[in-house]
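Per-entry structural report
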Amino acid sequence: MSLELISLENIQEVAHNYGYWAIFLGILLENLGIPVPGETVTLVGGFLAGSDELNFWLVLGDAIMGAVIGGVCGYWVGRLSGWAFLVKVGSIFRISEVRLLNIKEQFSQNSAKAVFVGRFLALLRVFAAPLAGVAEMPFRKFFVYNFLGAFAWASLMVTLAFFAGKIISLEQLVAWVSKFAIVALLILAGLIFVPVWLESRQVKELGSEK
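Keep in mind the model is a prediction, meaning the values are calculated, not measured.

The next thing to look at is the packing of aromatic side chains. Within this structure, the stated rule accounts for 12 aromatic pairs. Ring geometry for Trp-21 and Phe-24: centres 6.2 Å apart, planes at 85°, overall edge-to-face. Taken together, the residues span about one helical turn, with Trp-21 and Phe-24 both in helix 2 (residues 20-31) at a distance of 3 residues. Exposure remark for Phe-24: the relative accessible area of 14% places this residue in the buried category.

This is the structure in structure tokens:
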């Protein structure tokens, strides 16, 4: 998710001017729940590395550190601030408290997978760490999966942009990744909410038979 004022051109300009700091802070801020397009920032960093404007390994290190540190901060914000904070963040993305409750319930049952897989999905990338804190997931367990997820996500995004950027335009690359993220998010939403809907329907049917 991103702020409408932050266009791809703006991100490129900031990355050109501030280099590695722009990449690190962009990803860090997204993980803190601020609607900065961290995925696009990462792709821009990889693209600039592919065009020899930045160093590939430094961009990758920035992306990993920004994601890991942002995730840890998000975890402790959720742990210390609790549910009220998460509801406020959810209102920024127009997500109702009822939906957040459903997400929290599913998250608690699959916390490790959610933290890892959440790296690859825009909404979960913002909410996974605070949710882990709210759900009081053990910090050591969270840190391991947070690091593994950050490493896998950053490696994929930076490497993809590094090589694909030599073949297609940055605009096209960002568009393709965004479409994939939307499809993946819809699939995940289906996996989460369809079972909940089926279960509630079954309970209603059993209740009406009595």
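Still more ground to cover, so stick around.
Our focus in this paragraph is a nonpolar patch on the surface. A surface patch of nonpolar side chains, about 660 Å² in accessible area, is lined by Val-14, Tyr-18, Trp-21, Leu-25, Leu-29, Leu-32 and Ile-34. Secondary-structure elements contributing two or more residues to the nonpolar patch are helix 1 (8-18) and helix 2. At 3 residues, the largest contribution of residues to the nonpolar patch is made by helix 2. With respect to the secondary-structure elements, Ile-34 resides in the loop between helix 2 and helix 3 (38-50).

As recorded in UniProt, the feature "transmembrane region" (unreviewed entry) lies at residues 20-49, 56-77, 114-132, 144-164 and 176-198. Helix makes up 100% of residues 56-77 and strand 0%, whereas the separation of the span's terminal C-alpha atoms amounts to 31 Å. Secondary structure across residues 144-164 comprises 100% helix and 0% strand; the distance between its end C-alpha atoms is 30 Å.

Calculation criteria
- Residues numbered from 1 in each chain as written.
- Predicted model: local features only at pLDDT ≥ 70, side-chain atom pairs only at ≥ 80, totals over all residues.
- Heavy atoms only, no water.
- Phe/Tyr/Trp six-rings, centres within 6.5 Å; stacked < 30°, edge-to-face > 60°.
- Helix = DSSP H or I, 4+ residues; strand = E, 2+ residues; numbered from the N terminus.
- Buried < 20%, exposed > 50% of the residue type's maximum accessible area, 1.4 Å probe, protein only.
- Patch = residues over 30% accessible without salt bridge, like charges linked within 9 Å, V, L, I, M, F, W, Y side chains within 5 Å.
- Areas by Shrake-Rupley, 256 points an atom, 1.4 Å probe, with all protein chains shown as cover.
- Salt bridge = Lys/Arg side-chain N within 4 Å of Asp/Glu carboxyl O.
- UniProt positions renumbered as here; feature names shortened; annotations may be inferred.

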